[in-house]
Amino acid sequence: MNSAQIQLFVTGGTFDKEYNELTGELFFKQTHIADMLRLGRCRLDVTVDTLMMIDSLEMTDAGRQLILERCAAAAASRIVITHGTDSMEHTASLLGGGIRGKTIVLTGAMVPYQFGSSDGMFNLGTALAFVQTLSPGVYVAMNGSCFPWHSVRKNREQGIFESTAP
């Protein structure tokens, strides 16, 4: 496994939503990750692959299985996954129970990158930092915090991720 390379898997989510000014609808066109890495002046060895472009409310067991298979098959031992926040902890749980020997960090955004005031750039940057420094395991990184897969939940009332550990 290549420990210096970082594999980044795109699954859609708020990160990549576009806004139709005429209808007010959000939709997917293409990922913004390459622009985000360029604007962030990223100098890491990152390979980006788009697995799907969906809202995480539309994530199915088959979609999660694809993510699991691609993570298991990845040559890189460090993986970042952009994912919608509504079901991120479910995907993290599947990966946490099924992947060993790799460091995997899932991250997302509460506000689309295209809106200009997105937390996506910050979350992507911290996920890239966490994936390089954490020991093997599966984590969720949002808004400067990082949580192990087995003790994280989205607090829908506050719009944040938090620990479920006692």
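Residues numbered from 1 in each chain as written. Predicted model: local features only at pLDDT ≥ 70, side-chain atom pairs only at ≥ 80, totals over all residues. Heavy atoms only, no water.

Draft legend 1. Region of the structure containing the pairing of strand β10 (residues 160–163). In this structure, strand β9 (residues 152–155) lies alongside β10, joined through four bridges in antiparallel fashion. The residue of β10 that forms the bridge with valine 152 is serine 163. Between β9 and β10, which pair antiparallel one after the other, the connecting turn spans four residues, and glycine 159 there sits at a positive phi close to 70 degrees. (Pairing = 2+ DSSP bridges. Helix = DSSP H or I, 4+ residues; strand = E, 2+ residues; numbered from the N terminus.)

Draft legend 2. A look at helix α3 (residues 88–98). Turning to α3, its buried residues number three or more, namely Met88, Glu89, Thr91, Ala92, Leu95 and Gly96. The arc enclosing the buried residues of α3, seen along the axis, measures out at 155 degrees, which places them on a common side. On its buried side, α3 packs onto α2 (61–73), β5 (76–82), β6 (103–107), β7 (137–142), β9 and β10. (Buried < 20%, exposed > 50% of the residue type's maximum accessible area, 1.4 Å probe, protein only. Arc of directions from axis to C-beta. Contact = heavy atoms within 4.5 Å.)

Draft legend 3. Main features of the packing of α2 against α3. Two elements in contact, α2 and α3, have axes separated by 10 Å at closest approach and are oriented at 40 degrees. Considering the angle they form, α2 stands oblique to α3. As α2 packs across α3, the resulting crossing turns out to be right-handed. For the pair α2 and α3, contact is made by Arg64, Gln65, Ile67, Leu68 and Cys71 and by His90, Thr91, Leu94, Leu95 and Gly98, respectively. When the residues that make up the contact of α2 with α3 are grouped by side-chain class, the tally is five nonpolar, four polar and one charged. (Axes fitted to C-alpha atoms, helices over the stretch in contact; angles between N-to-C directions. Parallel < 35°, antiparallel > 145°, perpendicular 65-115°, else oblique. Left-handed = near helix turned anticlockwise from the far one by under 90°. Nonpolar A, V, L, I, M, F, W, Y, C, P; charged D, E, K, R; others polar.)

Draft legend 4. Examining the pattern of salt bridges more closely. Under the definition given, this model contains five salt bridges. Two residues, lysine 154 and aspartate 86, come together in a salt bridge whose shortest N-O distance is 3.1 Å. Here lysine 154, found in strand β9, pairs with aspartate 86, found in the loop between β5 and α3; they are 68 residues apart in sequence, far enough to count as distant. On the accessibility criterion, aspartate 86 (26% relative accessible area) is partly exposed. The shortest N-O distance in the salt bridge between glutamate 162 and arginine 153 comes to 2.4 Å. The class of arginine 153 is partly exposed, set by a relative accessible area of 35%. (Salt bridge = Lys/Arg side-chain N within 4 Å of Asp/Glu carboxyl O.)

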